[in-house]
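Summary of the model geometry
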Amino acid sequence: MRRWLQTLFQRKFKVSLLFLLLLALLVHLVMDLALPAARRPCSCNAKALKALGVLSGSPVLAGPKKLSLRILQDFSGSNGSLEKSSQPKGAGLHALPGVRHQHGEGNAGRTEGSKLAALFEHPLYNIPTPEVTEKDKLFVVNPMEKFSLHSSGSDEWVSSSKAETLLPTGKTAYDTYPAWLKFHVGINRYELYPRRDPLMPTLLQDLATQRIISSVQKSGGTQLKLIMTFPNYGQALFKPMKQTRDQETPIDFFYFSDFERHNAEIAAFHLDRILDFRRIPPVSGRLVNITKEIRDITTDKKLAKTFFISPAGNVCFYGECSYYCSTEHALCGKPDRLEGSMATLLPDKTLAKRRSWRSPWRRSYHKSKKAEWELNPNYCAQVRETPPYDRGHRLLDVIDMTVLDFLMGNMDRHHYETFEKFGNNTFLLHLDNGRGFGTHSRDELSILAPLRQCCSIKKSTYLRLQLLATQPYRLSDLLREALATDPLAPVLAEPHLRALDRRLGKVLAAVGRCLARAARPDEVLVDDVGSRV
């Protein structure tokens with residue numbers, strides 16, 4: 001009898017154990033199906049990004065990246081391509097960022113009464129650019145390779161049923177590229193993006209509205225910045241709000257200890273475009289949920305440990321950096337909402353190498369020492385004899401950048417970058433503009449040193465500056481209109497906009513003094529347009 005009971009008990013125990021195992025497996029399957037993609041372990045994100053060879057910035061993705069994205073088949077310029085620019089063949093004139101609707105819908109036609117639309121119809125903004133050949137493109141693409149969320153071979157990233165809601169669809173391979181990839185593919189020797197780029201409204205809308213699935217701290221730099229990733233593999237550089245619109249940089253602050261302002265990054269992009277430089281990657285404002293879009297999804301342990309709840313009940317964090325990363329300088333939401341700028345990242349340096357150049361007019365970054373250019377009035381003669389400023393248009397490009405910086409009040413231009421593939425015959429990248437628009441009540445004339453010492457400027461730049469000083473195309477009105485469509489509008493306080501017109505007058509006056517001293521006007525106004533205008 002006892003042996004029979006023992007056998008019965010063992011059988012029941014085995015059946016019960018098997019039932020519990022099946023139940024656990026069923027619960028696991030249900031949880032796995034119900035769990036959102038964004039809450040799954042971040043190894044899928046890392047695999048997808050690494051396989052694409054796109055921009056990282058995450059500590060998870062340390063080490064060299066492999067270029068397995070067949071779309072970017074070769075960036076050496078040796079292979080053929082059917083793509084000739086960032087816009088598909090036959091694309092018409094579409095909305096410009098300055099006349100974009102607030103909620104992302106582009107306006108395909110010219111907006112009635114728009115000064116910005118009128119500006120871009122002006123002949124000075126329709127000067128033909130040189131023909132772009134294969135060797136002038138940053139990337140040569142494989143025209144047959146469609147973009148897919150499964151390009152990485154990872155089925156964990158997103159289910160195929162959701163792919164259509166994340167990616168554009170179309171008949172050609174180009175139609176399947178997300179806006180950020182079209183932007184990268186369109187970069188060439190002469191411009192970061194074309195004047196009438198139909199991608200711009202979509203790209204800005206993506207920066208402002210795409211779901212954020214990863215937030216990690218960007219390494220390097222003096223102040224806190226985050227790399228944010230979207231479901232379509234796009235990434236953006238997030239700079240959080242540190243100052244209110246009406247705050248000015250204290251007069252006793254050194255330029256190298258000033259705050260980096262998120263609204264300065266937004267305004268700089270639009271100002272750069274109004275000046276027709278187009279050398280700043282697209283930037284949009286965004287209101288971020290610190291809890292859901294940073295704290296809960298970050299894989300950055302160093303960043304995660306800096307979150308706390310303030311005495312006022314707001315969610316705060318401070319990260320790790322050289323300046324202003326402490327509890328005393330924490331970034332706090334209201335209660336967890338925080339403004340910031342979202343800048344489109346350039347192609348990763350493993351795909352498109354960039355060279356960093358020390359600016360000849362770099363400041364000393366010392367409390368008491370001065371740089372050589374501040375002591376030597378003939379400094380420009382020395383620069384003109386030094387490569388790469390002794391030939392081509394590099395020096396004139398630096399002076400273009402000087403004009404932009406003076407209008408913004410940016411004293412922090414210590415380096416600039418170029419794409420290595422194009423050598424010295426290409427444009428300068430105007431990156432890192434967060435220390436602009438800090439003051440409106442005073443103008444820092446030392447920023448104009450390259451223009452005042454060299455007494456040279458591109459004729460096209462000078463003609464556009466003259467145009468922007470006229471009533472129909474007043475610079476402050478144009479920038480106000482461009483910024484009005486940003487999700488964080490108003491981006492700049494009115495005194496900053498009025499300061500633009502005052503500073504523009506000082507730039508023109510500086511050129512006027514150079515012309516008065518010159519034997520011939522063409523010694524000052526270097527003709528870069530010829531008969532094209």
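Note that this is a predicted model, so its numbers are computed, not measured.

Summed over all chains, the structure comprises nine aromatic pairs. Counting every residue linked through ring pairs, the aromatic cluster contains F419, F422 and F427. In this structure, R355 is placed above the aromatic ring of W357, and the distance from its NZ or CZ to the ring centre is 3.9 Å. Over the ring of Y125 we find R464, and its NZ or CZ is 5.5 Å from the ring centre.

Next up on the list: the sheet that holds strand β8 (residues 337–344). What the five strands build is an open sheet, ordered β1-β2-β3-β8-β4; its pairing is antiparallel. Whereas interior strands pair on both sides, the edge strands pair on one side only; in this sheet they are β1 (214–217) and β4 (283–289). Neighbour-to-neighbour, the strand axes of the sheet open up by a mean angle of 35°, direction not taken into account. The pairing of strand β3 (residues 235–240) with β8 spans five bridges and is classified as antiparallel. The partner of F238 across the bridge, within β8, is M342. Sitting on the sheet, helix α7 (residues 262–274) is in contact with β3, β4 and β8, with an inclination near 150° to β4.

Take the sheet that holds strand β6 (residues 315–317) next. Read across the sheet, three strands follow the order β5-β6-β7 without closing on themselves; strand pairing throughout is antiparallel. What marks the edges here is a single partner per strand, and that holds for β5 (308–309) and β7 (331–332).

Here we come to a nonpolar patch on the surface. A cluster of nonpolar side chains, contributed by F19, L20, L23, L26 and V27, occupies part of the molecular surface with about 480 Å² of accessible area. You can see V27 is positioned in helix α1 (residues 2–34). By relative accessible area, V27 is classed as partly exposed at 42%.

Turning our attention to the state of the cysteines. What we call a disulfide is simply a covalent bond connecting the sulfur atoms of a pair of cysteines. One pass over the full model with this rule turns up four disulfides. Residue pairing for C316: its cysteine sulfur links by disulfide to C332, the two sulfurs lying 2.0 Å apart. Between C316 and C332 the sulfur-sulfur dihedral comes to about 110°; the bridge is accordingly right-handed. Of this pair, C316 sits in strand β6 while C332 sits in strand β7, and the two are 16 residues apart along the sequence. In this model, C380 is linked to C454 through a disulfide, with the two sulfur atoms separated by 1.9 Å. One disulfide, between C380 and C454, carries an S-S torsion of 110° and so falls in the right-handed class. Linking C380 in helix α11 (residues 379–384) with C454 in helix α13 (residues 449–454), this pair joins segments that are 74 residues apart in sequence. In this structure C454 comes out as buried when scored by relative accessible area, which is 7%. Ordinal numbering of bonded cysteines along the chain defines a disulfide pattern of 1-4, 2-3, 5-6, 7-8.

A few words now on the side chain of D405. Relative to the helices and strands, D405 resides in helix α12 (residues 394–408). The exposure class assigned to D405 is buried, which follows from its relative accessible area of 3%. Ignoring any residue separated from it by four or fewer positions in sequence, one finds D405 in contact with N410, R413 and I447.

Right, let's talk about the nonpolar core for a bit. Grouped together as the largest cluster of nonpolar side chains are 120 residues, with contacts concentrated most on L119, L271, F317, W361 and F419. Looking at this core, the element that brings in the most residues is α12, giving nine residues. For L271, the contacting residues outside a window of four places in its chain are L404, L407, M408, F437, L475, L479 and L500.

With that settled, consider the environment of I274. Residue placement: I274 occurs in helix α7. Relative accessible area serves as the criterion here: at 0%, I274 is assigned to the buried category. I274 sits 158 residues away from L116 along the chain, and the two C-alpha atoms are 8.2 Å apart. Discounting chain neighbours no more than four positions away, the residues touching I274 are L116, L119, Y125, L468, L475, L478, L479 and A482.

Now for the packing of helix α15 (residues 475–483) against helix α16 (residues 494–517). At a closest axis distance of 8 Å, the pairing of α15 and α16 adopts a crossing angle of 145°. The interaxial crossing formed by α15 with α16 has right-handed handedness. Taking contact as the criterion, the partners of L475, S476, L479 and R480 in α15 are, on α16, E494, L497, L500, D501 and L504.

Okay, the pairing of β3 next. For β3, the buried fraction is high: six of the six residues fall into the buried class. Burial along β3 is two-sided: Q235, L237 and K239 facing one way and A236, F238 and P240 facing the other are all buried. Relative to β3, strand β2 (residues 226–229) is paired through four bridges, and the arrangement is antiparallel. Note on β3: the bridge partner recorded for M228 is A236. Once β2 ends, the chain turns through five residues before running back antiparallel as β3, passing Y233 with a positive phi of about 75°.

Once that is clear, we can look at helix α14 (residues 459–468). Most of α14 sits inside the fold, with seven of its 10 residues counted as buried. All buried positions along α14 are accounted for by S460, T461, Y462, R464, L465, L467 and L468.

The subject of this paragraph is the pattern of salt bridges. Summed over the entire model, instances satisfying the criterion amount to 29 salt bridges. Linking R435 and D412 is a salt bridge whose minimum nitrogen-to-oxygen distance equals 3.0 Å. Here D412 lies in the loop between α12 and β10 (415–419) and R435 lies in the loop between β10 and α13, a separation of 23 residues in the sequence. What emerges from the salt-bridge pattern is a single network uniting E191, R195, D276, R278 and R464.

Criteria and cut-off values
- Residues numbered from 1 in each chain as written.
- Predicted model: local features only at pLDDT ≥ 70, side-chain atom pairs only at ≥ 80, totals over all residues.
- Heavy atoms only, no water.
- Phe/Tyr/Trp six-rings, centres within 6.5 Å; stacked < 30°, edge-to-face > 60°.
- Lys NZ or Arg CZ within 6 Å of the ring centre and 35° of its normal.
- Pairing = 2+ DSSP bridges.
- Helix = DSSP H or I, 4+ residues; strand = E, 2+ residues; numbered from the N terminus.
- Axes fitted to C-alpha atoms, helices over the stretch in contact; angles between N-to-C directions.
- Contact = heavy atoms within 4.5 Å.
- Patch = residues over 30% accessible without salt bridge, like charges linked within 9 Å, V, L, I, M, F, W, Y side chains within 5 Å.
- Areas by Shrake-Rupley, 256 points an atom, 1.4 Å probe, with all protein chains shown as cover.
- Salt bridge = Lys/Arg side-chain N within 4 Å of Asp/Glu carboxyl O.
- Buried < 20%, exposed > 50% of the residue type's maximum accessible area, 1.4 Å probe, protein only.
- Disulfide = S-S within 2.5 Å.
- Core = buried A, V, L, I, M, F, W, Y, C linked by side-chain atoms within 4.5 Å.
- Left-handed = near helix turned anticlockwise from the far one by under 90°.

Read these as spatial facts, not as claims about activity.
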